[in-house]
Number of protein chains: 2
Amino acid sequence: MASGQGSNARIVLQQCLSARLQVQPATEDTEAKYVETGKGLVMYVCFLKGATADILDKMDLPGNILIIPQATLGGALKGKRMQYHKNIDKEEGASLYADFVSLCRTTLQEAEGSREAGCVVQAGTYGNRQVFSCDTNGPYTHLLEF
Amino acid sequence: MASGQGSNARIVLQQCLSARLQVQPATEDTEAKYVETGKGLVMYVCFLKGATADILDKMDLPGNILIIPQATLGGALKGKRMQYHKNIDKEEGASLYADFVSLCRTTLQEAEGSREAGCVVQAGTYGNRQVFSCDTNGPYTHLLEF
């Protein structure tokens, strides 16, 4: 289990034709709310212990992006169970996540090509129950650690 | 970039309600062929250099499984590009992949609970262009290295 040694954040990237993520569950009075993206990238993000704002600007990418907080990515296999000792505190994680989403939005706005192409950053809500669907023309899943 | 140091195989696991993978593209005469799975696991698999058959029996899991060969998972970020020096040769990878799928099928057959529940292992074809769609009630993405 070499993964995560010395890493502060872990990202799984997947190309998509379209994707949809629930950001607020339905209640008695309101329907569930979703964010959607067209052709672009789905980015699953997990911050590990020791992550600070310094790493955020190493992580950004251009294009349409749907950013999904994904604490399960921080797990390590122990026997037949996953353990999550390496994950950052929930509050710190939520704060880094919000800053990361903001940074991606700013970066996209500053990139002329992305701005002209009308690229959008959509993001899930941290710590929420999520519902997700995705269509790809080849998943092309990548793993990045920072 | 700690990931992959000393690892021989990398798996990304994702829970799904349903998922569908193209295993043969359409031709002039035939329609595209797909494998589908219901509620279960999507497993993206990548073998790295040094992988041998010894590791296969560490990797198996119970339940409905859709296994997807995913060479992009073996990449490492170099500047702004992904490099794939660590990936195993295509022929060796195809062979390990076929053996791994067989092992998962055998394991599932031997597990009374999975057999009685009618669990099925579906698998993509190695080295093929893939088309993939997936619905989840929370992606719950996990990373495993062996």
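Residues numbered from 1 in each chain as written. Chains lettered and ligands numbered in written order. Predicted model: local features only at pLDDT ≥ 70, side-chain atom pairs only at ≥ 80, totals over all residues.

Asks: It is not clear to me how the sheet that holds strand β4 (residues 40-47) of chain B should be interpreted in this structure. Could you clarify?
Replies: Strand pairing within a sheet occurs via backbone hydrogen bonds; the two strands may be parallel or antiparallel. Residue and element names in this part refer to chain B. The mixed open sheet is built from five strands, whose spatial order is β8-β5-β4-β1-β10. Each edge of the open sheet carries a strand with a single partner, namely β8 (121-123) and β10 (142-145). Averaged over all neighbouring strand pairs, the angle between strand axes comes to 20°, with direction disregarded. Direction of pairing for strand β1 (residues 9-16) relative to β4: antiparallel, over a ladder of eight bridges. Directly across from Arg10, in β4, lies its bridge partner Cys46. Strand contacts of helix α1 (residues 90-110): β4, β5 (65-69) and β8, with the helix running at about 165° to β8, the strand carrying the most contacts. (Pairing = 2+ DSSP bridges. Helix = DSSP H or I, 4+ residues; strand = E, 2+ residues; numbered from the N terminus. Axes fitted to C-alpha atoms, helices over the stretch in contact; angles between N-to-C directions. Contact = placed C-beta atoms within 7 Å.)

Asks: Is there a simple way to explain α1(B) in this structure?
Replies: Residue pairs three or four apart in sequence face the same way in an α-helix, which turns once every 3.6 residues. When the terminal C-alpha atoms of α1(B) are compared, their 30 Å separation across 21 residues agrees well with the 30 Å that a helix rising 1.5 Å per residue should span. Among the structural elements, β4, β5, α2 (112-116) and β8 of chain B are those in contact with the buried residues of α1(B). (Expected span 1.5 Å × (residues − 1).)

Asks: Could you clarify how one ought to interpret the relation of the copies chain B and chain A in this entry?
Replies: For the pair of chain copies, the relating operation is a rotation around an axis with a shift along it. For the pair chain B and chain A, the best superposition has an RMSD of 0.0 Å and corresponds to a rotation of 180° with a translation of 0.0 Å parallel to the axis. In symmetry terms, the pair is related by a two-fold rotation axis. When the interface residues of chain B are mapped onto chain A, 100% of them are again interface residues, pointing to one common binding face. (Least-squares fit on C-alpha atoms with pLDDT ≥ 70 in both.)

Asks: Even after reading the chapter, I still don't get the nonpolar core, so can you show me in this structure?
Replies: The biggest cluster of nonpolar side chains holds 68 residues, and the ones touching the most others in it are Met43(A), Ile67(A), Met43(B) and Ile67(B). Sequence-distant contacts of Met43(A), that is, excluding residues within four places in its chain, are made with Ile11(A), Leu13(A), Ile65(A), Leu66(A), Ile67(A) and Ile68(A). (Core = buried A, V, L, I, M, F, W, Y, C linked by C-beta atoms within 7 Å. Buried ≥ 20, exposed ≤ 12 C-beta atoms within 10 Å, placed from the backbone.)

Asks: Hey, could you run me through the sheet that holds strand β9 (residues 132-136) of chain A in this one?
Replies: Spatially, the six strands line up as an open sheet ordered β3(A)-β2(A)-β9(A)-β9(B)-β2(B)-β3(B), and their pairing is antiparallel. Both edges of this open sheet fall to β3 (33-37) of chain A together with β3 (33-37) of chain B, since each of them pairs with a single strand only. Averaged over neighbouring strand pairs, the angle between their axes works out to 15° when direction is ignored. Two elements, strand β2 (residues 18-24) of chain B and strand β9 (residues 132-136) of chain B, share four bridges in a ladder whose sense is antiparallel. If you follow Leu21(B) over to β9(B), its bridge partner there is Phe132(B).

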